[in-house]
Amino acid sequence: MALASLRAVAVVCAAALVLASCSTGDDTTVAGRASSDSKLTIGIAYDQPGLAVKRMDGVLKGFDIDVARYVANELGVQESGITWVEASPAQRETLITTGQVDLVVTGYSITPKRKELIDFVGPYFIAGQDLLVRINDNRITGPDSLDNQDLRLCSVEGSTSAQYVQEKYAPGVRLREYPQFSDCVTALLADNVDALTTDDVILAGYAAQNPELLRVVGKPFSEEKYGIGLRKGDSASKTKITAAVQKMESSGAWRKSLEDNIGQSGYRIPEPPGIEP
């Protein structure tokens, strides 16, 4: 082989090595693994209309799904590289701390207790806790009206919503827990419980599905700051995910997703919240 040809081959090989080294991320971080493998495993809800739903045809739809896709894309992972895992409220911290998922995006409220175990990027949305009731049930006008009426309040396992109502407003209410929000809605429609409590944006999604049967009381009584959950101490990934969420907000994609997913319910779409350190 001629000397010139050998030199050309050497240059090509050297360039390939440089590109390979540049594309290889730090496998100890979520962002690094995303860069290296173009893959992410993301925990989501399957039964939160407006936020995250897995339809009968397998299609995933909702605001949280859009947030997860946007962040993944900014980290270099296309839709085909995402593995979706159902993350119930009782499982979320365990899924993160055991490495079964890279991120959790499920209307995941940032709390001091949870921050002892994991890190959050957010808030990317602020909701308020409210009540979902049968449309003709006028006994329930707010959380304090649940007290001393022998009423049954439903929430999902691993959520603190029902306990919050009992501790702060209605110590006499009877609590019922089910694995999924959809189970609570079924129980509410069947008159096995009298109210479902969780974040108003989730309840609005269920009310929109059953407008002739269910209604949201419409008196929020808490502030729920949604964050993206990730392994504690992964500061490099936290910085990149924060930049991705900020870009989604400033580009208009954040508001468009909310309009597409919950605008029809009448829910008032707020301004994007500022992300906290």
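You'll find the structure just up there.
Just so you know, these numbers come straight off a predicted model, no measurement behind them. (Residues numbered from 1 in each chain as written. Predicted model: local features only at pLDDT ≥ 70, side-chain atom pairs only at ≥ 80, totals over all residues. Heavy atoms only, no water.)

### Overview of the pattern of salt bridges
Under the definition given, this model contains 19 salt bridges. When the shortest N-O distance is used, the salt bridge between D194 and R139 registers 3.2 Å. Taken together, the residues span a long stretch of sequence, with D194 in the loop between α7 (181–189) and β11 (195–199) and R139 in the loop between β8 (129–134) and β9 (152–156) at a distance of 55 residues. Taking the relative accessible area as the measure of exposure, D194 reaches 3% and is therefore buried. For R139, a relative accessible area of 37% gives the class partly exposed. R152 is the partner of D191 in a salt bridge, and the nearest nitrogen-oxygen pair spans 3.5 Å. Taken as a pair, D191 in the loop between α7 and β11 and R152 in strand β9 lie far apart in primary sequence, 39 residues in all. A relative accessible area of 40% means that D191 is categorised as partly exposed. Looking at R152, the relative accessible area reads 17%, which means it is buried. If you follow the salt bridges from partner to partner, you end up with R134, D137, R139, R152, D191 and D194 in one network. (Salt bridge = Lys/Arg side-chain N within 4 Å of Asp/Glu carboxyl O. Helix = DSSP H or I, 4+ residues; strand = E, 2+ residues; numbered from the N terminus. Buried < 20%, exposed > 50% of the residue type's maximum accessible area, 1.4 Å probe, protein only.)

### Description of the sheet that holds β11
Strands sit in the order β10-β9-β11-β8-β12 across an open sheet of five strands; the sheet is mixed. Single-partner strands in this sheet number two, and they are β10 (174–178) and β12 (214–216). Each strand axis lies, on average, 30° off the axis of its neighbour in the sheet, ignoring direction. Pairing of β9 with β11 involves two bridges; the strand directions are parallel. (Pairing = 2+ DSSP bridges. Axes fitted to C-alpha atoms, helices over the stretch in contact; angles between N-to-C directions.)

### Describing the state of the cysteines
On inspection of all chains with the given rule, the structure shows one disulfide. Linked covalently through their sulfurs, C154 and C184 form a disulfide whose S-S length is 2.1 Å. The sign of the S-S torsion, about -75°, decides the handedness of the disulfide formed by C154 and C184: left-handed. Linking C154 in strand β9 with C184 in helix α7, this pair joins segments that are 30 residues apart in sequence. Looking at C184, the relative accessible area reads 0%, which means it is buried. (Disulfide = S-S within 2.5 Å.)

### As for the environment of E74
Looking at where E74 falls in the secondary structure, it is placed in helix α3 (residues 63–74). Distance in space between the C-alpha atoms of E74 and A244 is 5.9 Å, their sequence separation being 170 residues. When near neighbours in sequence (up to four residues on either side) are disregarded, E74 contacts A244 and K247. (Contact = heavy atoms within 4.5 Å.)

### Some details on empty space enclosed by the protein
Across all of its chains, the model carries one cavity of 30 Å³ or more by this definition. One number sums up the size of the largest cavity: a volume of about 60 Å³. Taken together, 13 residues line the largest cavity, and the ones lying closest to its centre are A45, D47, S88, P89 and Q180. Here the residues of the lining of the largest cavity sort into eight nonpolar, three polar and two charged. (1 Å grid on protein atoms, 1.4 Å probe; cavity = no way out; pocket = protein on both sides within 12 Å on 5 of 7 lines; lining within 4 Å. Points joined across faces, edges and corners; volume = space filled by probe spheres on them. Nonpolar A, V, L, I, M, F, W, Y, C, P; charged D, E, K, R; others polar.)

That's the geometry; what it means functionally is another story.
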